[in-house]
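Spelled out from the first residue to the last, the chains are:
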Amino acid sequence: MRKSAAYIRASAGGVSRSCDLLRASLPRNLPWIHNLLIADGDGRVQCSTNDTLIGADLSERPYMKKVAATRDIVFSDFLLAKSNNRPAVIAAYPVSAINSDSRAVVLASVDLDWMSKMMSSLGGRPGISAVLVDSAGTVMAAPLDQASMIGRPLDSVPLLSAIAETALNSDRDEGSLSFVAADGSKRAITFARIADTGSRLIASIDEDKVTSAINRDIRTAYLQLLFVSLFVLLGALIAAEKLIIQPINMLATMAKRFGQGDWSARPVRNRLPAEFVPLARAFNAMAAQLGQRERELVATNDRLTVIASIDMLSGLANRRGFQSRLDFEWMKAQQYSCELSLLMIDVDHFKLYNDAYGHPVGDACLSKLGETLAGIAAETMGFAGRYGGEEFCLLLPNVDAVRAREIGETVRSAVGELALPHATSNHQYVTVSVGVACTKPNDSQRPGDLIEAADAALYSAKHRGRNTVVEHGFLQAKDDNGDIAMGS
C-alpha cells in the first residue's frame with residue numbers, strides 16, 4: 001500500500017492531485033491500518049485519510065529522521081496514535097525510492113490491536129506467553145488474554161524480565177535459552193527478529209504447565225478413546241446379540257428338541273441372518289434324516305421285539321413271549337372276573353426220539369407240533385407258545401375247566417393224527433401228555449400258580465402212562481402255613 005501511495009505521489013504531479021487519487025483509490029478504514037499519510041520533506045503532513053492529521057509536524061519523529069537518512073522503508077517503535085490514542089507502529093516509505101527528485105514520505109499507522117488478534121493463536125494455552133516488542137523493548141502486541149502487557153517495557157513483564165536484556169541485545173536474528181524463573185518454574189524462551197525491523201517476537205514456555213496440559217490432553221484423549229471403545233463394544237454386543245447369539249440360541253433350541261425326539265422342530269429361516277441360512281438348511285435336512293432313521297429304528301425295534309418273543313423253530317411265542325402274554329391275560333381276567341385256563345403240553349419220550357432219529361428230525365417234529373398248536377390256538381382264541389425244549393403251552397382266556405379239558409383232548413388227538421413215527425414209543429407214533437389247569441384270578445393268586453398247577457397236572461399225566469390229559473384244580477383253602485393248597 002505504501003508503494004502504491006508512493007507511486008501516486010510521484011506521478012500525480014502535485015499534492016492536491018495525489019491526495020485526491022489516494023483517497024479515491026484506497027479505502028479509509030482498513031482492518032490493520034489506522035491511517036495513510038503523505039508528508040513532505042520537512043515532515044509536514046500534506047495528505048491523510050484522516051483530515052485531522054493534515055498539517056501535523058512529524059519532523060522530529062525518529063522514524064522520519066531515519067527514513068530521510070536511509071531512504072528505505074522504516075518501522076517505528078511503539079507509540080500511541082495521535083488520532084485515537086491507540087497503540088500503533090508507523091511504517092514509513094520514501095517516495096524518493098521511486099522518484100529521486102521527491103522528498104515526500106508515505107506513512108502508514110499500523111493497528112497493533114489487529115496484530116494482537118493475529119497473535120491470539122499463540123495465547124490461551126497453559127504455560128505459553130508470547131509478545132512482540134520493539135527495538136527499545138516495549139511490548140507492542142500480545143495475545144488478547146495478555147493485553148495488559150502492551151505498552152510496558154519488557155523488563156517489567158513478570159517471567160520475561162530475566163531474558164529481556166539477552167533477547168534485545170542479541171546480534172542474532174533468532175535464538176533460544178532456558179532458565180529457572182523466580183517462581184521456580186522451568187522456562188524455555190525463543191526469540192526471533194522481524195525482518196527489516198528492530199522488532200522481535202518472544203515466546204516463553206513453562207515446561208511444567210505445558211507438560212501438564214499435554215498430559216491432561218492425553219488423559220482426555222484416552223477417556224474419549226475409552227468412551228468410543230465402550231460405545232463400539234456396546235454396539236458390537238447389541239449386533240452380536242441380534243446377528244449371532246440369538247440365531248445360535250435358536251439353533252441350540254432346535255438341536256435340544258431334536259435330542260428330545262421332536263423331529264418336527266424347524267428353525268425359521270426368514271428370521272435368521274443370511275450367514276446362518278445354510279446351517280438352518282443343514283439342521284432341517286438332519287432333522288428329516290433323523291426322523292426317518294428313528295422311524296426305521298422303531299420298526300426294527302418292533303421287529304426285534306417280536307423276534308425276541310418268538311421261537312424260530314416252532315414259529316410260536318417263546319417262553320418270554322408267553323410269560324408276557326400270561327401276565328396280560330391274568331390282569332385282564334382278574335379285572336373282568338373271568339376264568340383263565342392253561343394247557344402244558346409235553347412230547348412223550350422225546351429224548352429217545354432224538355436219539356433214534358437224530359436232532360434234525362427232532363427239530364422237524366417240534367416244528368410240525370408248533371404248526372398244529374398254532375391252528376388250534378387260532379380256532380379257540382387261545383395263545384400258543386413253546387415253553388422250552390419239547391414242552392409247549394396253550395393259554396385259553398375266558399375258558400372254563402370243562403372246555404379246557406376238551407381242548408386238551410383236541411390237542412392230544414391232533415398230534416396223534418400227525419402219525420409221526422416213533423419206534424421207541426409204546427404207541428409207535430409221536431404222542432403228547434397234556435396238563436390242564438383253570439382258575440379265576442384273584443389277589444391271593446399269582447400267574448406262577450397257574451403254571452405250577454398246569455405243570456403238576458402234566459406230571460400226573462406222565463405218571464398215568466402218557467398220551468393222556470389230566471386236569472388240576474385250585475382249592476381255595478389255605479393250609480396251616482397260609483399257603484394256597486392245590487389238588488386234583
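In the block above lies the structure referred to throughout.
The structure contained in this document is the topic of the report that follows. (Residues numbered from 1 in each chain as written. Predicted model: local features only at pLDDT ≥ 70, side-chain atom pairs only at ≥ 80, totals over all residues. Heavy atoms only, no water.)

**Some remarks on the overall build of the chain**
So, point 1. Tallying secondary structure elements over the chain gives 12 helices and 17 strands in all.
So, point 2. Relative to its 488 residues, the chain shows a buried fraction of 41%.
So, point 3. Counting only contacts in the chain whose residues sit at least 6 apart along the sequence, the fraction spanning at least 24 positions is 53%. (Helix = DSSP H or I, 4+ residues; strand = E, 2+ residues; numbered from the N terminus. Buried < 20%, exposed > 50% of the residue type's maximum accessible area, 1.4 Å probe, protein only. Contact = heavy atoms within 4.5 Å.)

**Some words on the layout of surface pockets**
So, point 1. Empty space within the largest pocket amounts to approximately 340 Å³.
So, point 2. Taken together, 18 residues line the largest pocket, and the ones lying closest to its centre are Lys66, Val74, Phe75, Ser76 and Asp77.
So, point 3. Only α3 (62-70) and β3 (74-75) provide two or more residues apiece to the lining of the largest pocket.
So, point 4. Grouping the amino acids of the lining of the largest pocket by side-chain chemistry returns 7 nonpolar, 6 polar and 5 charged.
So, point 5. Its volume calculated, the second largest pocket comes out at about 230 Å³.
So, point 6. Forming the walls of the second largest pocket are 16 residues, and the residues nearest its centre are Gly41, Val67, Ala68, Arg103 and Val105.
So, point 7. Counting residues per element, the lining of the second largest pocket draws most heavily on α3, which supplies 3 residues.
So, point 8. A breakdown of the residues in the lining of the second largest pocket according to their chemical character gives 7 nonpolar, 5 polar and 4 charged. (1 Å grid on protein atoms, 1.4 Å probe; cavity = no way out; pocket = protein on both sides within 12 Å on 5 of 7 lines; lining within 4 Å. Points joined across faces, edges and corners; volume = space filled by probe spheres on them. Nonpolar A, V, L, I, M, F, W, Y, C, P; charged D, E, K, R; others polar.)

**A word on the packing of aromatic side chains**
So, point 1. Going through the model one piece at a time under the given rule, you end up with 3 aromatic pairs.
So, point 2. Consider the rings of Phe350 and Tyr353, whose centres lie 5.9 Å apart with planes at 15°: the pair is stacked. One end of the pair is Phe350 and the other is Tyr353, both in helix α9 (residues 350-357) and 3 residues apart, which spans about a single turn.
So, point 3. The class for Phe350 is buried, based on a relative accessible area of 6%.
So, point 4. On the numbers, 4.8 Å between centres and 40° between planes, the contact of Tyr353 with Tyr357 is tilted. Of this pair, Tyr353 and Tyr357 both sit in helix α9, separated by 4 residues, roughly a single helical turn. (Phe/Tyr/Trp six-rings, centres within 6.5 Å; stacked < 30°, edge-to-face > 60°.)

**Section: the pattern of salt bridges**
So, point 1. If you walk through the whole model with that rule in mind, you get 10 salt bridges.
So, point 2. The closest approach of N and O atoms between Asp355 and Lys351, which form a salt bridge, is 3.4 Å. With Asp355 and Lys351 both in helix α9 and 4 residues apart, this pair spans about one turn of that helix. An identical accessibility class is assigned to Asp355 and Lys351; each is exposed.
So, point 3. When the shortest N-O distance is used, the salt bridge between Glu409 and Arg412 registers 3.1 Å. A residue pair is termed a helical-turn pair when its members lie 3 or 4 positions apart in one helix, as Glu409 and Arg412 do in helix α11 (residues 401-418) at 3 residues.
So, point 4. Classification of Glu409 by relative accessible area gives partly exposed; the value is 29%.
So, point 5. Linked by salt bridges that have partners in common, Asp346, Asp348 and Lys462 make up one network. (Salt bridge = Lys/Arg side-chain N within 4 Å of Asp/Glu carboxyl O.)

**Here's the deal with the environment of Ala456**
So, point 1. Among the structural elements, Ala456 can be located in helix α12 (residues 447-463).
So, point 2. It is 7.3 Å that separates the C-alpha atoms of Ala456 and His472, two residues lying 16 residues apart in sequence.

**Observations concerning the packing of helix α8 (residues 319-336) against α12**
Between two packed helices, the angle of one axis relative to the other and the distance separating the axes together describe the packing.
So, point 1. It is at 10 Å that the axes of α8 and α12 come closest, and there the two elements cross at 115°. Classified by the angle between their axes, α8 and α12 sit roughly perpendicular to one another. Crossing of α8 against α12: the hand is right-handed. Residue-level contacts link Phe322, Gln323, Leu326, Asp327 and Trp330 of α8 to Pro447, Leu450 and Ile451 of α12.
So, point 2. Grouping the amino acids of the contact of α8 with α12 by side-chain chemistry returns 6 nonpolar, 1 polar and 1 charged. (Axes fitted to C-alpha atoms, helices over the stretch in contact; angles between N-to-C directions. Parallel < 35°, antiparallel > 145°, perpendicular 65-115°, else oblique. Left-handed = near helix turned anticlockwise from the far one by under 90°.)

**Topic: unusual backbone geometry**
So, point 1. For Ala419, which is not glycine, the phi dihedral falls at a positive 55°.
So, point 2. Among the secondary structure elements, Ala419 is positioned in the loop between α11 and β15 (432-439).
So, point 3. Even without a glycine there, the phi angle at Arg466 is positive, about 65°.
So, point 4. Turning to its location among the elements, Arg466 is positioned in the loop between α12 and β16 (469-478).

**A few points about α3**
So, point 1. Within the sequence span of α3, burial applies to Tyr63, Met64 and Val67. Along the long axis of α3, the arc covered by the buried residues comes to 105°, so they all point the same way. In α3, the exposed positions angled more than 90 degrees off the buried face are occupied by Pro62, Ala68 and Ala69.
So, point 2. The elements touched by buried residues of α3 are β1 (33-39), β3, β4 (79-80), β5 (87-94) and β6 (105-111).
So, point 3. Remark: Arg71 follows α3 within two positions and exhibits a positive phi of approximately 50°. (Arc of directions from axis to C-beta.)

**Structural notes on the packing of helix α10 (residues 359-380) against α11**
So, point 1. The interhelical angle for the contact between α10 and α11, taken along N-to-C directions, is 145°, at an axis separation of 10 Å. Read as a crossing pair, α10 and α11 show a hand that is right-handed. Of the residues in α11, those in contact with Lys368, Leu369, Thr372, Leu373, Ile376 and Thr380 of α10 are Arg403, Ile407, Thr410, Val411, Ala414, Val415 and Leu418.
So, point 2. Class assignment of the residues belonging to the contact of α10 with α11 gives a composition of 8 nonpolar, 3 polar and 2 charged.

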